[in-house]
Amino acid sequence: AQWPKLVDLCALPPLNGLMEKRAGALIDIDREALEARMRDYFDPELPWDEYKARQTALTENAAGFVPRESREKAVRAESFDIANLCRYSLRPFDTRWCYYTQVNPIWNRARPALWAQLWEGNVFLMARPAGVAAPEGTPLCFTRALGDNDALRGHAYYIPLRVQDSHRLQKPAEATLFAALGDKPLADEPVANLSPEARRYLKAVRLRNPDDANAAALVWLHALAIGYSPAYLTENADGVRRDWPRIPLPATRKALEASAALGGQIAALLDTESEVPGVTCGTLGPAFRTIGIIAKVGGGQLDAAGGHLAVTAGWGHFGKAGAVMPAKGTLTERAYSKEEEAALDAEAALGGLTADDARQLLGERTFDVYLNGTAYWRNIPQNVWQYYIGGYQVVKKWLSYRELEILGRALKPEEAREVTNIARRLAAIVLLQSKLDANYRNVKDAAYDWPTA
């Protein structure tokens, strides 16, 4: 049987991500700076000339955007609301702050349908309709934040795992959801974002209440597990590149729940808003204690106040129209140290791998990645450094936006530790690949018979 596309599983079509004005500043790494900027923007007592003199946000002309008229319209329509200051997924593992407003044309594309599904407890599977990058890596990601249209190359679309209906839905979406629910009445409580056929599938594997929060997530977490399997991506490379990913569904409830449990591990590792015990917090696994450590060249203590965390190693520069472009940067390839090898061996034993398997997964070599001539992140394994999600080389892309020329300041210590945590999260994903491949092959060999159109 033909495997279903991701869009075949949705009650509602995937939602577009937001688009920011090039002339604007609605997204920022620094929450405090963004809040101050937007308080000024919505301050009716602050005259335009004074605002323009003190700010650079949304003061330049752009296509379809007259800055003074747009601000006057915004001030008439609403006032600053702290609830609209929220987390924003700009790129994989690069989560910032944004200020959301539906007043046009402040955002280039405000996507009110996506905003309507951003509520406490909801999460999104991210995908794209076709591959445009080579290498692309995995075409899927996961977030609980509002998201950018270019969070994945080829344009990111957001699939909410659950949907709040009634007043949160536009009329076409409400009709679509009504068709999926059948005889079930619409209410204000969340329901699973599952198509009628996806609901029939869950019923066939003896899951009787798909709108239960845990059941509603099973199909999507399973899709995440499949999408992070290198064997799946290799065997289905042409189809994945041309279209939405097609996902084989397990034929039994037991297999679905096992696959979703693996997908849940991937989701936790991709979720920048939550810590992962053993990887980013708590008692770390042996290998994770050695990965991505911030160190000083020649030893000793780093001085954040003395500029030691300024990124000047050439990781990014401004391109056309102010776009940030990744650059070569500075890194050193080397063999693992004896301490790192021992830690990797211990981690392999804990995860049911051989030492050789773990090295093959993470790579036979590792990198020291430099912020500048003084500081570096020690031991970022080869296949972690070269890991791609949605067409972006994750760690390198993150660094490109933090070059001193672009960020305008040195990293804060917690930002430098963010690279450590990204490297550890990616290493954990890489070390799961054997289990992800085995899961994919088991599902593929006994897939549910999805009806063809």
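Here, every reference points to the structure presented above.
None of these values were measured; they are calculated from a predicted model.

## Topic: the pattern of salt bridges
Summed over the entire model, instances satisfying the criterion amount to 26 salt bridges. A salt bridge links lysine 5 to aspartate 243; its shortest N-O distance comes to 2.7 Å. Here aspartate 243 lies in the loop between helix H9 (237–242) and helix H10 (253–270) and lysine 5 lies in the segment before strand E1 (15–16), a separation of 238 residues in the sequence. Linking arginine 241 and aspartate 238 is a salt bridge whose minimum nitrogen-to-oxygen distance equals 2.9 Å. Note that arginine 241 and aspartate 238 are positioned in helix H9 at a spacing of three residues, about one turn of the helix. Overlapping salt bridges, with partners in common, bring together Asp30, Arg409, Lys412 and Glu415 in one network.

## Re the nonpolar core
Ranked by internal contacts, the top residues of the largest apolar core, which has 136 residues, are Tyr228 and Leu270. Setting aside residues no more than four positions away along its own chain, tyrosine 228 makes contact with Thr138, Leu140, Cys141, Ile266, Leu270, Tyr387, Ile389, Ile429 and Leu436. Ala11, Leu169, Ala180 and Val191 belong to the second-largest nonpolar core, a separate cluster that totals eight residues.

## With respect to the environment of isoleucine 82
Structurally, isoleucine 82 can be placed in the loop between helix H3 (67–77) and strand E3 (85–91). By relative accessible area, isoleucine 82 is classed as partly exposed at 40%. Along the backbone, isoleucine 82 and glycine 137 are 55 residues apart, and their C-alpha atoms lie at a distance of 36 Å. With sequence-adjacent residues up to four places away left out, isoleucine 82 is seen in contact with Arg31, Glu35 and Arg39.

## Section: the sheet that holds strand E2 (residues 27–28)
Reading across from one edge, E2-E4-E3-E7 is the order of the four strands in this open sheet, with mixed pairing throughout. Single-partner strands in this sheet number two, and they are E2 and strand E7 (146–147). Bridge count for E3 against strand E4 (residues 94–99) is six bridges, and the pairing is antiparallel. Among the inter-strand pairings, tyrosine 88 is bridged to a residue of E4, identified as arginine 96.

## Notes on helix H6 (residues 196–204)
Taken together, the buried positions of H6 are occupied by Glu197, Ala198, Arg199, Tyr201 and Leu202. One or two positions beyond H6, positive phi appears at arginine 206, with a value near 70°.

## Re H3
Considered for burial, the residues of H3 that qualify are Pro67, Ser70, Arg71 and Ala74. Burial along H3 is one-sided: seen end-on, the buried residues are contained in an arc of 100°. Exposed side of H3, more than 90 degrees from the buried face: Glu69 and Arg76 are the residues found there. On its buried side, H3 packs onto helix H1 (31–41) and helix H2 (48–54).

## A closer look at unusual backbone geometry
The omega torsion across asparagine 104 and proline 105 is 0°, close enough to zero to call that bond cis. One can find proline 105 in the loop between E4 and helix H4 (112–116). Along the chain, alanine 134 connects to proline 135 via a cis peptide bond; the corresponding omega equals 0°. Considering the arrangement of structural elements, one finds proline 135 in the loop between strand E5 (124–127) and strand E6 (141–143). The backbone of arginine 111 shows a phi angle near 50°, a positive value even though the residue is not glycine. The residue arginine 111 is located in the loop between E4 and H4 in this model.

Quick notes on the rules
- Residues numbered from 1 in each chain as written.
- Predicted model: local features only at pLDDT ≥ 70, side-chain atom pairs only at ≥ 80, totals over all residues.
- Heavy atoms only, no water.
- Salt bridge = Lys/Arg side-chain N within 4 Å of Asp/Glu carboxyl O.
- Helix = DSSP H or I, 4+ residues; strand = E, 2+ residues; numbered from the N terminus.
- Core = buried A, V, L, I, M, F, W, Y, C linked by side-chain atoms within 4.5 Å.
- Buried < 20%, exposed > 50% of the residue type's maximum accessible area, 1.4 Å probe, protein only.
- Contact = heavy atoms within 4.5 Å.
- Pairing = 2+ DSSP bridges.
- Arc of directions from axis to C-beta.

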